[in-house]
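Okay, here's what each chain looks like letter by letter:
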Amino acid sequence: MRAPCLKGISVADRSYLTWPFFEDRHRKFATAFNTWLAQHHADVAQHYAVSQCHPEPVEGRPSLSRLEDQAARAWVHSLAQAGWLQPCLDLDVRTLCIARESLAYHDSLADFAFAMQGLGSGPISLFGSQEQKERFLPPVASGETIAAFAMSERKSGSDVAAITTRAHRDGNDYVLDGEKTWISNAGIAQMYVVFARTAEGGAKGLSAFIVPADTAGLSVSERIETISPHPLGTLRFEHCHVPVSYRLGNEGEGFTIAMATLDVFRSTVGAAALGFARRALDETTSHVRTRELFGQPLAAQQLTQSKIADMATGIDASALLVYRAAYAKDSGAERVTREAAMAKWYATETASRVADAAVQLFGGRGVTRGEIVERIYRDVRALRIYEGASEIQQIVIARSVLEER
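Remember, predicted model here, so these are calculated numbers, not experimental data.

Colleague: Looking at this model, I keep getting lost on the packing of helix H8 (residues 254–290) against helix H10 (residues 337–362). Mind explaining?
Modeller: A pair of packed helices is characterised by two quantities: the angle between their axes and the separation of those axes. H10 packs onto H8 with a crossing angle of 20° between their chain directions and a minimal axis gap of 8 Å. In terms of their interaxial angle, H8 and H10 are classed as roughly parallel. Between H8 and H10 lies a crossing of left-handed hand. When the residues that make up the contact of H8 with H10 are grouped by side-chain class, the tally is 15 nonpolar, six polar and four charged.

Colleague: Looking at this model, I keep getting lost on the pairing of strand E4 (residues 191–197). Mind explaining?
Modeller: If a strand is regular, its side chains alternate between the two faces of the sheet. The buried fraction of E4 amounts to seven of the seven residues, a majority that puts the element mostly inside the structure. Burial along E4 is two-sided: the residues Met191, Val193, Phe195 and Arg197 and Tyr192, Val194 and Ala196 are all buried. Two elements, strand E1 (residues 147–150) and E4, share four bridges in a ladder whose sense is parallel. Within E4, the residue paired with Ala150 across the bridge is Val194. For E4 and strand E5 (residues 206–212), the ladder comprises seven bridges, and the chain directions are antiparallel. Within E5, the position partnered with Phe195 by the bridge is Ala208.

Colleague: What exactly am I supposed to notice about the pairing of strand E2 (residues 166–170) here?
Modeller: Examined bridge by bridge, E2 and strand E3 (residues 173–184) share five bridges and lie antiparallel to one another. Bridge pairing in E3 links His168 to Val175. Taking the residues between adjacent antiparallel strands as the criterion, E2 and E3 are bridged by two residues, where Gly171 takes a positive phi near 65°.

Definitions and cut-offs
Residues numbered from 1 in each chain as written. Predicted model: local features only at pLDDT ≥ 70, side-chain atom pairs only at ≥ 80, totals over all residues. Heavy atoms only, no water. Axes fitted to C-alpha atoms, helices over the stretch in contact; angles between N-to-C directions. Helix = DSSP H or I, 4+ residues; strand = E, 2+ residues; numbered from the N terminus. Parallel < 35°, antiparallel > 145°, perpendicular 65-115°, else oblique. Left-handed = near helix turned anticlockwise from the far one by under 90°. Nonpolar A, V, L, I, M, F, W, Y, C, P; charged D, E, K, R; others polar. Buried < 20%, exposed > 50% of the residue type's maximum accessible area, 1.4 Å probe, protein only. Pairing = 2+ DSSP bridges.

If you want it as structure tokens, here you go:
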């Protein structure tokens, strides 16, 4: 089993930081962050490698989900100790994108741990009262609290307006009943931001709540295993009482809160895809230079060169879309829905194509468990689904273009 390499993104790969989207502070952040990644916490990466190496349960060995949980907690702790979780609260989108690209290049679970601290606390950063921010955000930055974003349900993934989990007012509390599924960090989070229905009327009837994990009536009813292991599960709410003071914004503002939060973080999904794709390209170029076929390096074959050209061009185009969207948001645009949708759709689809090309060029090694490109092939797949499937992003883009004209 090969442990994920922590060699850091090369100087050549960071040449895009000279683009006018960035300020000196972003370049300094990228240098410092990648230096930290290259020098520290190989033990966390190795821990994750163990879970990748043993997908099937074996008597006497910790379960896969338990290994994921331990590794995710370790990444949160390590990032917090070094002060790298503060960007999750500051919400400078370019910094978030640089961080996610760098983390994804190294390890998908590292990217996951960082991203969920941001997404899970983002609604509080954007819409929380001063009291809510002071109470719930510092523990997120310190790693004491692991955060989660609980919106998806079995019949309302992309269709947020179809949420059926309910919250009714009972004196100074709201009482939540229902179920959420495909919730990242389910089972290890200390805090969930939950979207529930407080009135009829589709999207206009949704509200958002901060729900501590130890709240009576909240349970994790199922753990879900996927092709790219990370903490994921189903939450059940049974007469779950939450104080009115834990509601974010006003009643009926839940959809607005959710969409505004995703507006910030959707571009960062594209950045994670970019990190996976860059790593796949690096692994591939190294392989084709040394693998010989018919008496010459695989890199000398024209069809290999065609694939490399497609991979590199797609990666550069993805980077332009991702960092354009991030720059627009940081520059004060109220909404960057179309730009973020373009970035997320194109970058995630490109990353899947790049990963597939990498596997193809690796041949039998490419589908061997433990190879880096095999892991990336599995890791990138979910990015085309979560936080808005590719098809939804295409609808968003098309509607925006048609309305504009």
